[in-house]
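The lines below spell out each chain.
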Amino acid sequence: TRLCIREGVDVVKINIGGDLIPNCMLTPGEDDILTTYSSAEVAACCEEAHALRKCVAAHCRGSRDVVLALEHGVDVIYHCDFAFKDAAILDALEAAKG
C-alpha cells in the first residue's frame, strides 16, 4: 500500500475475493468464491491508506469478502454479486452507504 501511494496512486484497489473455487473444493454452504486476503491484510491496507488520506476500493464478490471490506472500512466495494445469498450482508451494505 505504501509503495503504491509513494508512486502516486489516488485510490488503492485490492482484490479481497472473486476467484471461483473449483467444484471439487466446494462444501455444503460454501460460497463459490475464494477470499484471497486475510482480515489482517485488509486491515493493514485500510489503515495505511487512510492514514495517508487515500481511499481504498475492493473487488468483493462473495459474502466473506464483503464482510472483510465492511469491517475494515473499505471506501468503495465493487461487484458483491454473490452476497445476495445473505440478507444480513445486504442490510450491512445498506447501513454502510451513509
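See above for the structure.
Definitions and cut-offs
Residues numbered from 1 in each chain as written. Predicted model: local features only at pLDDT ≥ 70, side-chain atom pairs only at ≥ 80, totals over all residues. Heavy atoms only, no water. Helix = DSSP H or I, 4+ residues; strand = E, 2+ residues; numbered from the N terminus. Buried < 20%, exposed > 50% of the residue type's maximum accessible area, 1.4 Å probe, protein only. Contact = heavy atoms within 4.5 Å. Areas by Shrake-Rupley, 256 points an atom, 1.4 Å probe, with all protein chains shown as cover. Pairing = 2+ DSSP bridges. Disulfide = S-S within 2.5 Å. Axes fitted to C-alpha atoms, helices over the stretch in contact; angles between N-to-C directions. Parallel < 35°, antiparallel > 145°, perpendicular 65-115°, else oblique. Left-handed = near helix turned anticlockwise from the far one by under 90°. Nonpolar A, V, L, I, M, F, W, Y, C, P; charged D, E, K, R; others polar.

> Could you give me a rundown of the overall build of the protein chain, with the residues and numbers involved?
Assigned secondary structure in the protein chain consists of 4 helices and 5 strands. Each of the 98 residues in the protein chain was classed as buried or not, and the buried ones make up 31%. Within the protein chain, contacts between residues separated by at least 24 positions form 51% of all contacts whose residues are at least 6 apart in sequence. Surface exposure of the protein chain reaches about 6000 Å², of which carbon and sulfur atoms provide 55%.

> I'd like a rundown of the pairing of strand S1 (residues 11–14), residues and numbers included.
The alternating pattern of S1 places Val12 and Ile14 on a buried face, while none of Val11 and Lys13, on the opposite face, is buried. Of the pairings in the sheet, the one linking S1 to strand S4 (residues 55–60) comprises 4 bridges and is parallel in character. Each residue of the ladder has a partner; that of valine 12, found in S4, is valine 56.

> Let's hear about the state of the cysteines: which residues, and what values?
The tally for this structure, following the rule as stated, stands at 0 disulfides. Of all cysteine sulfurs, the one in cysteine 46 lies closest to cysteine 45, which takes part in no disulfide; the gap is 5.3 Å.

> Explain unusual backbone geometry to me, and be specific about the residues and the numbers.
Excluding glycine, a negative phi dihedral is what most residues carry, and trans is how most peptide bonds are arranged. The phi torsion at arginine 53 lies on the positive side, around 60°, for a residue other than glycine. In this fold, arginine 53 is placed in the loop between helix H2 (39–51) and S4. Under the relative-accessibility criterion, arginine 53 is labelled exposed at 79%. The phi torsion at histidine 79 lies on the positive side, around 85°, for a residue other than glycine.

> Which residues make up the packing of helix H3 (residues 63–71) against helix H4 (residues 87–96), and what are the values?
Relative orientation and spacing of two packed helices are given, respectively, by the angle between their axes and the distance between those axes. Relative orientation of the contacting elements H3 and H4 amounts to 30°, with a least axis distance of 10 Å. By the angle class used here, H3 and H4 are roughly parallel. Along this stretch, H3 crosses H4, giving a crossing that reads as left-handed. Between H3 and H4, the contacting residues are Ser63, Val66, Val67 and Leu70 on the first element and Ile89, Ala92, Leu93 and Ala96 on the second. Grouping the amino acids of the contact of H3 with H4 by side-chain chemistry returns 7 nonpolar, 1 polar and no charged.

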